[in-house]
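Structural characterization, general
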Amino acid sequence: MAERRYEPHEIEPRWQELWARERTWEVTNEPAEGRGGPAAGAGLAANCYVLEMLPYPSGEPHIGHLKCYSVGDAIAHFRRRLGARVLHPMGYDAFGLPAENHAIKTGEHPRDSTAASIASFRRQFHSWGISIDWSRELATHEPSYYRWTQWIFLQLFEAGLAYRKEAAVKWCPKDQTVLANEQVDAEGHCERCGALVEVRQLEQWFFRITDYAERLLSDLDGIDWPEHVKTMQRNWIGRSEGAEVTFRCEDLDPADPVDYPVFTTRPDTLFGATFFVMAPEHPDVMRLAQGTEHEQAVHDYVNHALNETNEERGNAEKPKTGVPLGRTVTNPVNGERIPMYVADYVLMEYGTGAIMAVPGHDERDYAFARAFGLPIRRVIEGTPEDGGDEHGLPYAGDGPLVNSHRDFDGMPNREALAAIVAWLDREGKGHASVNYRLRDWLVSRQRYWGAPIPIVHCEGCGMVPVPEEQLPVELPEIEDYTPKGRSPLAAAEDWVNVKCPACGGRARRETDTMDTFVDSSWYYMRYCDARNERAAWDQGALRQWMPVDQYIGGVEHAILHLMYARFFTKALADLGQLDFQEPFQALFTQGMVTKDGSKMSKSKGNVVSPAAIVERVGADTARCYILFVGPPDQDADWSDKGVEGVHRFLSRLWRMAAETAERAGAPDPRFPDLAGARGDDLALARKTHWAIDKVSGDLRRFAFNTAIAAVMELLNDCSRLHETVDTETLRFALASAASLLFPFAPHVSADAYALLTGERVWEQPWPEADEALLESDTYELVCQVNGKVRDRVQASSGAGAEELKDLCRAAPNVIAHVDGHEIVKEIVVPGKLVNLVVR
RNA sequence: GCGGCGGUGGCGGAACGGUAGACGCGGGGCCCUCAAAAGGCCCUGUCCGCAAGGGCGUGUGGGUUCGAUUCCCACCCGCCGCACCA
């Protein structure tokens, strides 16, 4: 027999070419009925949408991409072979800062460097053999795509969900540009030039995601996402129940008092409020201090606070600072006049930017009161073991009210809370209220490489949307990508100066571009109808595929991308553009791939390049290894030795398949009936069916590592028994191994399967385990004495409880351990064990 | 501080409340070979023992149970997210 070698570099391109030539993985938008298939019976939707998060094309794909698409491809293949028509597309999130920074440095147009990266990604995805429907490929920087990004912006604008307002934003004085939060390091330096970042008040575009806070929160209950991702989203939305309470200030003009609402989660402690604090950014702070002895101090304090970095200001450990405003407000529940302060521990962006301070029952207010010598009043009774100072304050627990009002004193605080809110409501001094931590999404960027915001500023008409038929507003060609205090687009004078679409008068284009998260908030819908030139999508096309059945990506997108995409879906559904509420029915988050225990990075020199691995051992080995190394939702450490082990396994599988095919003569699509097999043939048939059962179950729960291990076990049995079993039995076992491994290692599996059967494995239905062969007529009964294993004996599968007890009592080593003791109890677990409890 | 995830051999990791350590890596031995590479076979938690067998073992301490890596309580350690959120 000729020596046969596993040659991935011959096998892999051969199958890739066939799949490309026959467009094997393309699906049309025809309704599913015509296709039938076993899907309906299996309870699976006949149409199934499997999607991995689209890559940001920068340089070459890294090992994290390999993991993500290996997971997604395994699921896509499995669903297909269960009978579903699977949509599995690919695209590129092509706008963004790295390409722009590269352009600033080298002068190369971002479009050119992006095109080069996309070509590299596309080439590698082909070389990995990922089953992609390439007919739907898209890139977010193409005018044919961002035309519809702009269209969606206009939908939101017209619905009042996109708006402009002044906001405090991060500003780099050296680069003369606004920075996104993520471009500022922990110490408050600009990521690119290292200059200290400032805060500036500038007009910016926002999406009104806060309108959707409640639905974004409650709809989490209906989707199949990992619990930790849901928790992160819940925390980010940060819902708090409480009350809004109005404090009145009559100091400026008694005839024209000003009302300051505050949000509190503890209206039950209202009687304990002994001062009032405003955030430094609060618009009234300077007006209030004006003319008082504190005016200069307030001015200095506010300026200092605004220039502090988040890091400095956000530190809860730092001592409380602040300045009196020299004014008072009236506590609505008892008419007390309490002093006003400005302090940086109050945040403008949460609640109303002002708080009532209850030092007796809030740690921060307590610290402030201590530092400023303000009165501290207990209004809820605690117990001595609650801790705190010599008076047991601050006390955050529950208890009856004291020192409040005769109507409420003695009442448990939770009850009092409701009663006080009801009273405030009746008096018109407050009402129950819900507050969210979530803030509106700032979407404008003073950057070149993004989708232009399709708005025209007219001297007469104000903000005018660009008419739909004029979309896309294409990016102008410019020479200099460096921002200079305004968007680089502003330099393209010919482009900026336009006629107002409404009145025909002089107008200027909006020069800001959109945050790249806008582009990626709707791409999954575009795939459903990627070549539509008349609309972003056809609703009928969406109905066939959406929502995504299985979404796959890294946890780093747990909050932003996944929240924004959910917001888009809900907003567009409200606008009648879709008829579903959630974009991703199920989510799987894959863990990171590390090397030597730490994140791969160029500076550490521990980067594993997928291209180099594929070059050395082939794509099947690389894909299989990354899924075998551990549970895919957990982090995994890359080991070159481990890769070799998987390569040996695939090599053995292919070689044995080739040898067995030769021994069997011609390939044959039929398998022998092994129901009546005996001896080793029966053992191997059983192992095969065990593996089918195991891999099927493991695939459903994303346990790819144990699925691959099961095929390894099957192959180990094949080599152990290959000389004693019938060739046909071996052929069945090996073909099954190839069939089960196909979702993970498609090329070698397709090749082995074809050698043995002459068939295309991806056209075969997923194998089904034969119940009869999963059962065995005897098994090893574990015999325990007092819970410790003392012996093992053969028992027949049909044996009853009494028979099993007898077997156990008769086991030699059981006899030795029972000797001299009394059996007080006998536990029988049929099919497993007998436990004798002795005394 | 709050929330989440995790802690099992030399290593990555397996284990519906029922034989702890599947599978792989590493290590040891052997076969094939003039030799090597490749491949194949066997052993491999730990301690005692020639063996049969036994003791100990899933971060720590308790609990529930005939039986706990698994369930409950209290801690310790590590990683991730959020954090002066009123």
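Above: the structure in question.
Residues numbered from 1 in each chain as written. Chains lettered and ligands numbered in written order. Predicted model: local features only at pLDDT ≥ 70, side-chain atom pairs only at ≥ 80, totals over all residues. Heavy atoms only, no water.

Concerning the overall build of chain A
Threshold: Per the convention used, a helix needs a DSSP run of H or I reaching at least four residues, while a strand needs a run of E reaching at least two, with both numbered from the N terminus. Relative accessibility under 20% of the residue-type maximum defines a buried residue, over 50% an exposed one, and the middle range a partly exposed one, all with a 1.4 Å probe and only protein chains included. When checking whether two residues touch, look at their non-hydrogen atoms; a contact exists if any pair is within 4.5 Å. In these tables, accessible area is a Shrake-Rupley quantity obtained with a 1.4 Å probe, and a residue counts as shielded only by the protein chains included in the view. His residues and chain termini do not enter the charge count, which takes Lys and Arg as positive and Asp and Glu as negative. Throughout, a charge is located at the NZ atom of Lys, the CZ atom of Arg, the CG atom of Asp or the CD atom of Glu.
Helices and strands together make up the secondary structure of chain A, namely 28 helices and 30 strands. The dimensions of chain A, computed from C-alpha atoms along their principal axes, are 105 × 85 × 50 Å. Within chain A, the proportion of its 839 residues that are buried is 53%. A sequence separation of at least 24 residues applies to 72% of the contacts in chain A between residues at least 6 apart. Carbon and sulfur atoms provide 48% of the accessible area of chain A, an area that totals close to 36800 Å². In chain A, 89 side chains carry a positive charge and 127 a negative one; their mean positions are 2 Å apart.

Comments concerning the nonpolar core
The condition is simple: What makes a nonpolar core is a set of buried Ala, Val, Leu, Ile, Met, Phe, Trp, Tyr and Cys residues whose side-chain atoms join them at distances within 4.5 Å.
The biggest cluster of nonpolar side chains holds 92 residues, and the ones touching the most others in it are Trp638, Leu741 and Phe744. Ignoring sequence-local partners within four residues, the contact set of Phe744 consists of Ala74, Asp620, Arg623, Cys624, Leu627, Leu699, Phe704, Ala707 and Ile708. Counting residues in each nonpolar core, the second largest holds 88 residues, with Val27, Leu87, Tyr436 and Val464 among its members.

Topic: the packing of aromatic side chains
Put simply, the test is: Pairing of aromatic side chains requires ring centres within 6.5 Å, counting the rings of Phe and Tyr and the six-membered ring of Trp. Pairs whose planes differ by under 30 degrees are stacked, by over 60 edge-to-face, and all others tilted. Charge over a ring is defined by NZ of Lys or CZ of Arg lying within 6 Å of the ring centre and within 35 degrees of the ring normal.
According to the stated counting rule, one finds 49 aromatic pairs in the structure shown. When the centroid spacing of 5.6 Å and the interplanar angle of 45° are considered together, the rings of Phe95 and Tyr146 count as tilted. On the criterion of sequence distance, the pair formed by Phe95 in the loop between strand E3 (91–92) and helix H4 (97–106) and Tyr146 in helix H6 (residues 143–158) is long-range, its members being 51 residues apart. Like Tyr146, Phe95 is buried. Taking NZ or CZ as reference, Lys320 lies 5.5 Å from the ring centre of Tyr345, over its face. We note Arg437 situated over the ring of Trp236; from NZ or CZ to the ring centre the distance is 4.4 Å.

Here's the deal with the sheet that holds strand E26 (residues 636–638)
How we decide: In this scheme, strands are said to pair when DSSP sees at least two bridges between them.
The sheet built from 3 strands is open, its strands ordered E25-E24-E26 with mixed pairing. On the outer flanks of this sheet lie strand E25 (598–599) and E26, each paired with one strand and no other. Bridging between strand E24 (residues 593–595) and E25 involves 2 bridges; their strand directions are antiparallel. The residue bridging Thr594 from the neighbouring strand is Lys599, located in E25.

Thoughts on unusual backbone geometry
Of note, the bond from Leu393 into Pro394 is cis; its omega dihedral lies within 30 degrees of zero at -5°. For Pro394, the location among the structural elements is in the loop between helix H12 (363–372) and helix H13 (413–427). Backbone geometry at Arg23 places phi at a positive 50°, although glycine is not the residue there. Among the structural elements, Arg23 can be located in the loop between helix H1 (8–21) and helix H2 (39–42). Positive phi, normally seen in glycine, also occurs at Phe702, with a value near 60°. Note that Phe702 resides in the loop between helix H22 (679–700) and helix H23 (704–721).

Regarding the sheet that holds strand E19 (residues 497–499)
Put simply, the rule is: Axis definition: a line fitted to C-alpha atoms, limited for helices to the stretch in contact. Angles are taken between N-to-C directions and run from 0 to 180 degrees.
One open sheet accounts for 4 strands, arranged E18-E17-E20-E19; its pairing is antiparallel. Only two strands of the sheet have a single partner each, and these edge strands are strand E18 (462–465) and E19. Taking the axes of each pair of neighbouring strands and ignoring which way they run, one obtains an average angle of 40° across the sheet. Note that strand E17 (residues 455–458) and strand E20 (residues 506–509) share 3 bridges and pair antiparallel. From the neighbouring strand, Cys458 faces E20, where its bridge partner is Ala507. Each of E17 and E18 is contacted by H6, which is oriented at about 130° to E18, the strand it contacts most.

Describing the protein's contact with RNA strand B
What counts, and what does not: One heavy atom suffices: a residue is near a molecule or strand as soon as one of its heavy atoms comes within 4 Å of it. We define a polar contact as two N or O atoms separated by no more than 3.5 Å, with the added condition that, inside protein, one atom must be a possible hydrogen donor and the other a possible acceptor, whereas residues neighbouring each other in sequence contribute only through side-chain atom pairs. Only Asp, Glu, Lys and Arg are considered charged, only Ala, Val, Leu, Ile, Met, Phe, Trp, Tyr, Cys and Pro nonpolar, and every remaining residue, Gly among them, polar.
The full set close to RNA strand B counts 54 residues, and Thr265, Lys320, Tyr350, Arg364 and Pro631 are the nearest of them. Near the protein, within 4 Å, the atoms of RNA strand B are sugar or phosphate in 64% of cases. Between Thr264 and RNA strand B, the recorded distance is 3.1 Å, taken from a side-chain N or O atom to a sugar or linking oxygen. Between a phosphate oxygen of RNA strand B and a side-chain N or O atom of Asn716, the distance comes to 3.2 Å. With 6 residues, H23 is the single largest residue contributor to the surface near RNA strand B. In the surface near RNA strand B, the residues fall into 19 nonpolar, 16 polar and 19 charged.

Let's talk about helix H24 (residues 727–741)
Side chains three or four residues apart in an α-helix point the same way, a direct result of the helix having 3.6 residues per turn. Just so we agree on the cut-off: In this scheme, a helix's expected span is set at 1.5 Å multiplied by one less than its residue total.
The first and last C-alpha atoms of H24 sit 21 Å apart over 15 residues, in line with the 21 Å expected at 1.5 Å per residue. In terms of burial, H24 is largely enclosed, as 14 of its 15 residues are buried. With a side-chain oxygen positioned 3.0 Å from the backbone nitrogen of Glu728, the residue opening H24 is Asp726.

Looking at the pattern of salt bridges
We count it as follows: The salt bridge definition used is simple: a Lys or Arg side-chain nitrogen within 4 Å of an Asp or Glu carboxyl oxygen.
Going through the model one piece at a time under the given rule, you end up with 45 salt bridges. Two residues, Arg809 and Asp806, come together in a salt bridge whose shortest N-O distance is 2.6 Å. Placement of the pair is Arg809 and Asp806 together in helix H27 (residues 801–810), with a separation of 3 residues, close to one helical turn. The class for Arg809 is partly exposed, based on a relative accessible area of 32%. The shortest N-O distance in the salt bridge between Arg809 and Glu826 comes to 2.2 Å. Residue Arg809 is located in helix H27, and its partner Glu826 is located in strand E29 (residues 823–829); the two are separated by 17 residues in the primary sequence. Given the relative accessible area of 26%, Glu826 is considered partly exposed. One network of salt bridges, with partners in common, ties together Glu802, Lys805, Asp806, Arg809 and Glu826.

Some words on the pairing of strand E22 (residues 550–554)
Stated precisely, the cut-off is as follows: Every crossover in which the path from the first strand over the helix to the second runs clockwise, viewed with the strands pointing away from the viewer, is termed right-handed.
Most of E22 sits out of view: 5 of its 5 residues are buried. Where strand E1 (residues 47–52) and E22 come together, 3 bridges link them in parallel fashion. Residue pairing in the sheet places Glu52 in a bridge with Ile552 of E22. The sheet contact formed by E22 and strand E23 (residues 587–590) spans 4 bridges and is parallel. Note that in E23 the partner of Gly553 across the bridge is Thr589. Once you follow E22 into helix H18 (residues 560–574) and on to E23, the crossover reads as right-handed.

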